[in-house]
Structures are given as structure tokens and as C-alpha cells.
Amino acid sequence: SSDLYGDSLSSFTAKTTLAAVDLKKFSEVSIPAAAVSITNGYVDTAWSTWQGNRYAAYGTMNFYFNKLRIKVLNKKDSLRRGVVPELETWAARILLPASNKRTSEIFFERDREKFVFNYWVKTQASGILSALVREKQWTYRKRYDQLAPIYSLPPRNPR
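Caption draft 1: The layout of surface pockets, seen in detail. Of the voids in this model, the largest pocket is the one considered here, and its volume is about 910 Å³. Where the lining of the largest pocket is concerned, the elements lending two or more residues are strand S1 (12-18), helix H1 (27-34), strand S3 (36-52), strand S4 (56-72) and helix H3 (116-132). Tallied by class, residues from the lining of the largest pocket come to 23 nonpolar, five polar and no charged.

Spelled out as C-alpha cells, the structure:
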């Protein structure tokens, strides 16, 4: 087996912790990446525990936030508003929770062509995404169950 030579990605366990933070600070990343401004919100605390191997990572995240509000911007010119961004903002405010106090799932299948840091960041991002969009929980669980035997991942603990 190739796992015997000590590859640092053959299997691992990781834990992350984030102190309280003002979510508006994430607008520096969300505006250029997705044309979304975070106008309000804060994280009480966030922590995650995850494990994986060179193919995929999985775990749980507690990403507790309150008073989340966003504004969708014009993708071509973030200073201009318009009907479409206004409608998208309205829809997002209906669909996205204003707060979260539930544990969310983490699951990410690694793109082995990219650096390991990309793998780690996107794994954490999957937990944040599943805290925001509850349907992601089921998508991650289904994908994990499909890939676990292929990637030698242990069976998922049913919830």
C-alpha cells in the first residue's frame, strides 16, 4: 500500500478554532470573489474537527453566527445597484438564515492538482457553506456515503 511510506496526506485529523469576529470584515473577500457585501453579522465562536486522507476530508463545524445580512452587488460594477442585484439581495435574505446555532457538516473532495492549502481552506469553507445552506448537509452526506468505500474513509456516524 502507498500509505506505508509516510505520506503526510495519507490520513490526518485537524481541529480549528476561530474567536469572535465581525462578519463585515469578510466583505473584503466576498465582494471581489462573489459580488456580495456582508452588511451586518458576527460570529460568536467557530470550531471544527475534521479528518481525511489524500482524497477527501469530512467532519463537523460549529459556526455560530447572529444578525447576518448581505447585499448582492452588480457583478460588473459593485458601486452601481440595479433591479437584478436588488432582487437577488431580497431572495438571499429570505433563503439565508440570520443566525445559526446548529452543527454543520464538513465534506470536501480534494483536487489533487492543487496545493494542500487549497484543500484545507475549501474543506473549512464547506462547513461554513453547510451552516448557511442547510440542504448542503444532505448533499455532503450523500456524496460521503458514495465515496467512503472508494477513498477508504470510515463509515459516517448516522445522525
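Caption draft 2: Up close: the nonpolar core. Within the largest apolar cluster, 22 residues are counted, with the highest numbers of intra-cluster contacts made by Leu23, Val43, Phe63, Phe65 and Ile70. Those elements that provide at least two residues to this core are S1, S3, S4, strand S5 (103-109) and H3. Considering every element that reaches this core, the biggest residue donor is S4, with seven residues. Setting aside chain neighbours within four positions, we find Val43 in contact with Ala20, Val21, Leu23, Phe63, Tyr64 and Phe65.

Caption draft 3: Quick peek at a nonpolar patch on the surface. On the surface, Trp90, Ile94 and Leu95 cluster together to form a nonpolar patch covering roughly 400 Å² of accessible area. Within the secondary structure, Leu95 is located in helix H2 (residues 83-95).

Caption draft 4: Fine view of the pattern of salt bridges. Overall, the coordinates contain five salt bridges when judged by the stated rule. Ionic pairing is found between Arg143 and Glu109, a salt bridge with its closest N-O pair at 3.0 Å. Taken together, the positions of Arg143 in helix H4 (residues 135-147) and Glu109 in strand S5 put the pair 34 residues apart, joining distant regions of the chain. For Arg143, a relative accessible area of 35% corresponds to the partly exposed category. Glu109 sits in the partly exposed class, given a relative accessible area of 27%.

Caption draft 5: Molecular detail of H2. Counted at 1.5 Å a residue, the expected span for H2 with its 13 residues is 18 Å, and the 18 Å between its end C-alpha atoms agrees. Regarding H2, the residues found buried are Pro85, Thr89 and Ala92. Around the axis of H2, the buried residues are gathered within 70 degrees of arc, so they sit on the same side. Exposed positions of H2 whose direction lies more than 90 degrees from the buried face are Val83, Val84, Leu87, Trp90, Ile94 and Leu95. Elements that come into contact with the buried residues of H2 comprise S4.

Rules used throughout
- Just so you know, the residues in each chain are numbered from 1, in the order the chain's sequence is written.
- Local features in this predicted model are restricted to residues whose pLDDT is 70 or higher, and side-chain atom pairs enter the listing and the counts only when it is 80 or higher, whereas totals over whole chains, interfaces and linings include all residues.
- Side-chain numbers here rest on the full set of heavy atoms in the structure, without hydrogens or water.
- Definitions used for this entry: grid spacing 1 Å over protein atoms alone; cavity, a set of points where a 1.4 Å probe fits but cannot get out; pocket, an open set with protein on both sides within 12 Å along at least 5 of 7 lines; lining residue, one with an atom within 4 Å of a point.
- Grid points are joined across faces, edges and corners, and a volume is the space filled by probe spheres set on the points.
- Only runs of H or I of at least four residues qualify as helices and only runs of E of at least two qualify as strands under DSSP, and these elements are numbered from the N terminus.
- Side-chain classes are defined by residue name, with Ala, Val, Leu, Ile, Met, Phe, Trp, Tyr, Cys and Pro counting as nonpolar, Asp, Glu, Lys and Arg as charged, and the others, Gly among them, as polar.
- Throughout, nonpolar core names a set of buried Ala, Val, Leu, Ile, Met, Phe, Trp, Tyr and Cys residues whose side chains join them through atoms within 4.5 Å.
- Whether a residue is buried, partly exposed or exposed follows from its accessible area with a 1.4 Å probe, protein chains only, as a fraction of its type maximum: under 20%, in between, or over 50%, in that order.
- By definition in these notes, contact holds between two residues if any of their heavy atoms fall within 4.5 Å.
- Any residue with relative accessible area above 30% and no salt bridge may belong to a patch, with like charges joined within 9 Å and the nonpolar Val, Leu, Ile, Met, Phe, Trp and Tyr side chains within 5 Å.
- For accessible areas, the Shrake-Rupley method is used with a probe of radius 1.4 Å. Any residue's cover is judged against the shown protein chains and nothing else.
- Salt bridge, as used here, is a side-chain nitrogen of Lys or Arg placed within 4 Å of a carboxyl oxygen of Asp or Glu.
- Here, expected helix span is obtained from the residue count minus one, scaled by 1.5 Å.
- Directions drawn from the helix axis to the C-beta atoms are what define this arc.

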